[in-house]
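Close look at the chain arrangement
Here is how the chains run, residue by residue.
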Amino acid sequence: MKCTAPFQTTIPEGVKSEMSKILFLDRDGVVNIDKHFVSRVEDIVFVEGIFQLCKYFEEHDYQIVIATNQSGIARGLFSEQEFQAIMSFILEEFRRHGIVVLACFHCPHGLEDNCTCRKPMPGLFTQALRQFNTEAENCISIGDRERDIEAALAAGISQNYLLQDPQMNTGHFFGSIVVKSLDEIVQIHQRLSLEAQN
Ligand SMILES: [Mg+2]
Ligand SMILES: [Zn+2]
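These numbers come from a predicted model, not from an experiment.

The next thing to look at is the pattern of salt bridges. In this structure the tally under the stated criterion is eight salt bridges. Salt-bridge contacts for Lys-119 lead to Asp-26; the nearest nitrogen and oxygen are separated by 3.0 Å. One end of the pair, Lys-119, is in the loop between strand 3 (101–107) and helix 4 (123–131); the other, Asp-26, is in the loop between strand 1 (21–25) and helix 1 (50–59), and 93 residues separate them in sequence. The exposure class of Asp-26 is buried, given its relative accessible area of 8%. With a closest N to O distance of 3.0 Å, Asp-148 and Lys-119 form a salt bridge. Placement of the pair is Asp-148 in helix 5 (residues 146–154) and Lys-119 in the loop between strand 3 and helix 4, with a sequence separation of 29 residues. Accessibility assignment for this pair places Asp-148 and Lys-119 in one class, buried.

Across the eight residues of strand 2 (residues 62–69), seven count as buried, placing the element largely inside the fold. With five bridges connecting them, strand 1 and strand 2 associate as parallel partners. The residue bridging Leu-25 from the neighbouring strand is Ile-66, located in strand 2. For the crossover that starts at strand 1, traverses helix 1 and ends in the parallel strand 2, the hand is right-handed. Of the pairings in the sheet, the one linking strand 2 to strand 3 comprises six bridges and is parallel in character. Each bridged residue has a counterpart across the sheet, and for Ala-67 the counterpart in strand 3 is Phe-105.

A few words on the coordination of the zinc ion (ligand 2). At this site the zinc ion (ligand 2) is bound by Cys-107 (SG), His-109 (ND1), Cys-115 (SG) and Cys-117 (SG), with donor distances of 2.0 to 2.3 Å. Of note is the zinc ion (ligand 2), whose four donor atoms meet at the metal with angles of 98 to 118° in an arrangement that counts as tetrahedral. All donors of the zinc ion (ligand 2) come from a single chain, and their spacing in sequence reads C-x1-H-x5-C-x1-C. Of this pair, Cys-107 sits in strand 3 while Cys-117 is found in the loop between strand 3 and helix 4, placing the two residues 10 residues apart along the sequence. Looking at Cys-107, the relative accessible area reads 0%, which means it is buried.

Before going further, it helps to spend a moment on the nonpolar core. Residues Leu-23, Leu-25, Ile-50, Leu-53, Phe-94, Ile-142 and Leu-182 are the most contacted members of the largest nonpolar core, which totals 37 residues. For this core, the secondary structure elements donating two or more residues are strand 1, helix 1, strand 2, helix 3 (80–96), strand 3, strand 4 (140–143), strand 5 (159–163) and helix 6 (182–197). Contacts of Ile-50, omitting those with residues within four sequence positions, involve Leu-25, Val-30, Val-31, Phe-94 and Leu-182. With 21 residues, the next largest nonpolar core counts Cys-115, Cys-117, Leu-124 and Phe-125 among its residues.

Regions with low pLDDT carry predicted coordinates that are not meant to be interpreted in detail. Confidence in the prediction for the protein chain averages 91 pLDDT; 89% of positions are at 70 or higher. Here residues 1–5 is modelled with pLDDT under 50, and outside its nearest four sequence neighbours on either side it reaches 11 contacts, counting other chains as well.

With parallel pairing, the six strands of this open sheet are ordered in space as 3-2-1-4-5-6. Every other strand in the sheet has two partners, leaving strand 3 and strand 6 (177–179) as the edge strands with one partner each. Across this sheet, the average inter-strand angle for adjacent strands is 20°, counted without regard to direction. In the packing of helix 1 onto the sheet, the strands contacted are strand 1, strand 2 and strand 4, and the crossing angle to strand 1 comes to about 165°.

A few words now on the packing of aromatic side chains. Counted according to the given criterion, the structure contains seven aromatic pairs. Aromatic side chains Tyr-56 and Phe-57 sit 5.0 Å apart centroid to centroid with 90° between the ring planes, which places their arrangement in the edge-to-face category. Overall, Tyr-56 belongs to the buried group, its relative accessible area being 7%. One aromatic cluster in this structure is built from Phe-46, Phe-51 and Phe-94.

The rules behind each value
- Residues numbered from 1 in each chain as written.
- Chains lettered and ligands numbered in written order.
- Predicted model: local features only at pLDDT ≥ 70, side-chain atom pairs only at ≥ 80, totals over all residues.
- Heavy atoms only, no water.
- Salt bridge = Lys/Arg side-chain N within 4 Å of Asp/Glu carboxyl O.
- Helix = DSSP H or I, 4+ residues; strand = E, 2+ residues; numbered from the N terminus.
- Buried < 20%, exposed > 50% of the residue type's maximum accessible area, 1.4 Å probe, protein only.
- Pairing = 2+ DSSP bridges.
- Right-handed = clockwise from strand over helix to strand, strands pointing away.
- Donors = N, O, S within 2.8 Å, 3.2 Å for Na, K, Ca; no water.
- Tetrahedral: all angles 85-135°; square planar, octahedral: opposite > 155°, others 65-115°.
- Core = buried A, V, L, I, M, F, W, Y, C linked by side-chain atoms within 4.5 Å.
- Contact = heavy atoms within 4.5 Å.
- pLDDT = per-residue confidence, 0-100.
- Axes fitted to C-alpha atoms, helices over the stretch in contact; angles between N-to-C directions.
- Phe/Tyr/Trp six-rings, centres within 6.5 Å; stacked < 30°, edge-to-face > 60°.

In structure tokens form, the structure reads like this:
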């Protein structure tokens, strides 16, 4: 099956530049708590610290892009329209917190579709990088699954954070910094930025 162009929620004009930087967020498990195939607005519970994290990265000139696998669409668990309704709700909540999400790219396919956008394939990332004229080396990604990190790495993004359940204790995954909270990402990024200046 051929890959269709991912759905984009909002593309403000005039935002792209050679120097642009993107913070890529996985959705389920990073933006909202992963309840396994979130299909209704009522299922959305935001992950602690997500708005503060986005504000921090906006202040550091990052544009926010959500890149999300949504195989629930291919499985018939929810429709494209239902997915879009949930995204509209999420983006409205971001706006209420003063945060602009540049775009949302999603893969609606299932594993058997063999598309190039389902993570760990890099398609969602490469499409955003191309569309917003952004170099992978200027970007950061945050995911809660190893396949999120694999996809980002395959797109050339080297600064990746893997958000893990505090109950789990695996500790490391290739190509990523493993954290237990979104707040920890802000702390690490602040420290790395300071080190880079000195
Ligand atoms: Mg996830
Ligand atoms: Zn796909």
